[in-house]
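Letter by letter, the chains look like this.
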Amino acid sequence: MSKPLELEDVTGAACCAPLSGPALGEAEAAELAKVFKALSDPVRLRLLNMIASVEGGEACVCDLTGAFDLTAPTISHHLKVLRQAGLIEGERRGTWVYYQVIPDKLTRLSGLFALPALTSA
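Counting restarts for each chain: residues are numbered from 1 in the order of the written sequence. Selection of residues for local features in this predicted model requires a pLDDT of at least 70, selection of side-chain atom pairs for listing and counting requires 80 or more, and totals for whole chains, interfaces and linings are taken over all residues. As a rule here, side-chain values cover all heavy atoms of the structure and leave hydrogens and water aside.

Labelled according to an unreviewed UniProt entry, the chain appears under the name Metalloregulator ArsR/SmtB family transcription factor, originating from Actinomadura monticuli.

What follows is the structure, encoded as structure tokens:
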């Protein structure tokens, strides 16, 4: 059964420059835009959540398709987009592909939204 997506605390030492930090370079902004574009689709966002929250850390494509009213090729397309964005990786075992999230990429994304600590006067 699914469990809530656990987020790593990124308020300590920065894993990457937050959006409130120094300006992003053109290459980094282009790379991040691809990731956000991949996440902008509700099906892909749900797939990522399902993969990240599955017990054992990996999900078979056979367990993902039933949650959607979509064909298997459409689910495969969405998984391909998530793979190309570097958010998940897959391993073929026989007929099925098993997917898992890439933790470093999710940690990096969560670090982008870290706000600087406010100090009281």
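Don't stop here, the text continues.
*Asks:* I'd love a proper account of the pattern of salt bridges, names of residues and values included.
*Replies:* A side-chain nitrogen of Lys or Arg and a carboxyl oxygen of Asp or Glu constitute a salt bridge if their distance falls within 4 Å. By the definition in use, this model includes five salt bridges. A salt bridge links Arg108 to Glu28; the shortest N-O distance between them is 2.9 Å. Here Arg108 is found in helix α5 (residues 103-112), whereas its partner Glu28 is found in helix α1 (residues 26-39), with 80 residues between them in sequence. Using a 1.4 Å probe on the protein chains alone, a residue whose accessible area is under 20% of its type maximum counts as buried, one over 50% counts as exposed, and one in between counts as partly exposed. Exposure remark for Glu28: the relative accessible area of 25% places this residue in the partly exposed category. Two residues, Glu58 and Arg93, come together in a salt bridge whose shortest N-O distance is 2.8 Å. With Glu58 in the loop between α2 (42-53) and β1 (59-60) and Arg93 in strand β2 (residues 88-93), this pair connects stretches of sequence that are 35 residues apart. Every helix listed is a DSSP run of H or I at least four residues long, and every strand listed is a run of E at least two residues long, numbered separately from the N terminus.

*Asks:* Go over the packing of aromatic side chains with me, naming the residues and quoting the values.
*Replies:* Think of it this way: a Phe, Tyr or Trp ring, Trp meaning its six-membered ring, pairs with another when their centres are within 6.5 Å, and the plane angle makes it stacked under 30 degrees, edge-to-face over 60, tilted otherwise. In this structure the tally under the stated criterion is zero aromatic pairs. Any Lys NZ or Arg CZ that is within 6 Å of a ring centre and within 35 degrees of that ring's normal is treated as a charge sitting over the ring. The ring of Tyr98 has Arg93 sitting right over it, with the charged end atom 4.4 Å from the ring centre.

*Asks:* An account of helix α4 (residues 72-84) is needed here, citing residue identities and associated values.
*Replies:* Helices are assigned an expected span. That span is 1.5 Å times one less than the residue count. Between the first and last C-alpha of α4 there are 18 Å, a value that for 13 residues agrees with the 18 Å anticipated at 1.5 Å per step. Within α4, burial applies to Ile75, His78, Leu79, Val81 and Leu82. Considered in projection along α4, the buried side chains sweep an arc of 155 degrees and stay on one side of the axis. Exposed residues on α4 whose side chains face more than 90 degrees from its buried face are Pro73 and Gln84. Residues count as neighbours in contact if any of their non-hydrogen atoms are within 4.5 Å of one another. Check the buried side of α4 and you find it contacts α1, α2, α3 (61-64), β2 and β3 (96-101). Immediately downstream of α4, the backbone of Gly86 shows phi near 80 degrees, a positive value. Directions from the helix axis toward the C-beta atoms define the arc.

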